[in-house]
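# Reading the structure
Next come the chains, spelled out residue by residue.
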Amino acid sequence: MRIYYSEAHRAHFPQGELHGGELVTPFERPSRIEYILARLRARGMDDLHDPGEVDLAPIRALCDAGYLQFLETAWAEWTAEGFAGEIIAASFPARRMQSARPPRNIDGKVGYYALASETAITAGTWQAACASAACAQGATAHVIAGARCAFALCRPPGHHATADMYGGYCFLNNAALSAEAMRAGGAARVAVLDIDFHHGNGTQDIFYDREDVFFASLHGAPEDAFPYYLGYADETGTGAGVGATANFPMPPGTDYPEWSLALDDALARIRGFGADGLVVSLGVDAYKEDPISFFKLDSPDFFDAGRRIGAFGLPTVFCMEGGYSIENVGINTVNVLEGFLAGC
Ligand SMILES: NCCCCCC(=O)NO
Ligand SMILES: [Zn+2]
């Protein structure tokens, strides 16, 4: 399996994440990637490729222009304002406020484009987000060219990012870029299967009115888990997209036997949709020891999940999302990939 990876992810490592009222060392940190790379090498999966420069054209087609300009210039504006710390959203367009007008003030703009406050923006965030998107672009191009599969070792992750909002450690939606590229590359219908513990609100939002891209997500119930405000089972799409979104929210303590029933249901829905390309938002924070999640999957379960996805039989691009049990993120991620190859 070819792996697309960029060292440029290191440019994004905020000093703090807002967690429990404190600024803690971010859970989404560069060492996650070190553990994944080490495990890949240990398992002989060393077909690594640097994707090179990002192609901004598909990103401009996917995202709001004001949002992209914000991501690119926020740090300069923030520091020009005289702020000493990293960029953290503090005020939001809350209910019944003007949510369609981005303020001129940088502090206001930050909250306008943020969906959550835990994620800080720093001087290198834009560079890292672009490199992460480039990994997704490279992996997708490889599959479009005929490969059965490829792994975009994306960091920062992307599935919470919408066309005009960042948060949940995400800035550019790598999986959505991959799905759009698959469509542009000839796939008539594409499915995104999100197995990260958290609902892929960004991916859902981007494709919610689309009939050509199916979104399925297994995740912690929004009543209990971030991002909280999307991911209910009754969210099934809108307009032409009705029926092309399938959410499988699950309660705290969900184990693999229950989780795998949702996986099989999601795959059945994707089969019924008639996808001819698959993007997997590969988060492994459903792991039993993940510090910020509450499912109970164990490492071998990720192999079995990968096997089921491999047996499904579609050309598949994996985009790395979450997973914060640092010592286990490599094992669990590579287990999915090895299971996939075993299932092919
Ligand atoms: N309290 C913020 C939690 C962010 C979760 C990010 C993630 O793993 N998403 O998949
Ligand atoms: Zn997650």
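Structure shown above.
In short, a report on the structure. This one's a predicted model, so the numbers in the text were calculated from it and none came from an experiment. (Residues numbered from 1 in each chain as written. Chains lettered and ligands numbered in written order. Predicted model: local features only at pLDDT ≥ 70, side-chain atom pairs only at ≥ 80, totals over all residues. Heavy atoms only, no water.)

### Digging into the sheet that holds strand β5 (residues 149–152)
As a reminder, the rule being used: Only strands that DSSP links by at least two bridges are regarded as paired with each other. Secondary structure elements are defined from DSSP: runs of H or I of at least 4 residues count as helices, runs of E of at least 2 residues count as strands, and each element is numbered from the N terminus. It only takes one pair of heavy atoms within 4.5 Å for two residues to be counted as in contact. Lines fitted to C-alpha atoms define the axes here, with helix axes fitted over just the stretch in contact, and angles between the N-to-C directions of these axes take values from 0 to 180 degrees.
The parallel open sheet is built from eight strands, whose spatial order is β4-β1-β5-β10-β9-β6-β7-β8. The sheet is open, and its two edges are formed by β4 (48–49) and β8 (245–250), each paired on a single side. Relative to β4, strand β1 (residues 2–4) runs parallel, the two sharing two bridges. In the sheet register, I3 faces β4, and the bridge partner there is L48. Its contacts with the sheet put helix α10 (residues 326–343) on β5, β9 (277–282) and β10 (316–320), and the angle it makes with β10 is roughly 175 degrees.

### Brief notes about the coordination of the zinc ion (ligand 2)
To be explicit about the condition: Only nitrogen, oxygen and sulfur atoms count as donors, using a 2.8 Å cut-off from the metal that widens to 3.2 Å for Na, K and Ca. Water is left out, so coordination shells may look unfilled. Donor angles set the geometry label: tetrahedral for four donors if every angle is between 85 and 135 degrees, square planar for four and octahedral for six if opposite donors exceed 155 degrees and the others are between 65 and 115, irregular for anything else. Residue burial is assigned from relative accessible area. The probe radius is 1.4 Å, only protein chains are included, and a residue is buried under 20% of its type maximum, exposed over 50%, and partly exposed in between.
At the metal site, the zinc ion (ligand 2) is ligated by D196 (OD), H198 (ND1) and D285 (OD), and these contacts range over 1.9 to 2.1 Å. Bound by six donor atoms, the zinc ion (ligand 2) shows angles of 30 to 159 degrees at the metal and therefore irregular coordination geometry. Sequence spacing among the residues donating to the zinc ion (ligand 2) works out to D-x1-H-x86-D. For the pair shown, D196 and H198 are each scored as buried.

### Considerations on the nonpolar core
To be explicit about the condition: As used in this record, nonpolar core signifies buried Ala, Val, Leu, Ile, Met, Phe, Trp, Tyr and Cys residues forming a set joined through side-chain atoms within 4.5 Å.
Grouped together as the largest cluster of nonpolar side chains are 101 residues, with contacts concentrated most on L193 and W259. Considering every element that reaches this core, the biggest residue donor is helix α5 (residues 125–144), with nine residues. Beyond its immediate sequence surroundings of up to four residues, L193 is in contact with A216, L218, L263, A266, L267, I270, L278, V279, V280, S281 and I309.

### What about the pattern of salt bridges?
A side chain of one charge can pair with a side chain of the opposite charge if their charged atoms are brought near each other. Where we set the bar: Each reported salt bridge corresponds to a side-chain nitrogen of Lys or Arg within 4 Å of a carboxyl oxygen of Asp or Glu.
Across all of its chains, the model carries 14 salt bridges by this definition. The partner of R10 in a salt bridge is E7, and the shortest N-O contact between them spans 2.6 Å. Looking at R10, the relative accessible area reads 39%, which means it is partly exposed. Ionic pairing is found between D212 and R210, a salt bridge with its closest N-O pair at 2.7 Å. Taking the relative accessible area as the measure of exposure, D212 reaches 12% and is therefore buried. Salt bridges sharing common partners tie together E180, R183, R210 and D212.

### Focus on unusual backbone geometry
R155 connects to P156 through a cis peptide bond whose omega is 5 degrees. Assignment of secondary structure puts P156 in the loop between β5 and α6 (174–184). Residue P227 is reached from F226 by a cis peptide bond, and omega for that bond is 5 degrees. With respect to the secondary-structure elements, P227 resides in the loop between β7 (213–220) and β8. Despite not being glycine, Y228 shows a phi value in the positive range, around 70 degrees. With respect to the helices and strands, the residue Y228 is situated in the loop between β7 and β8.

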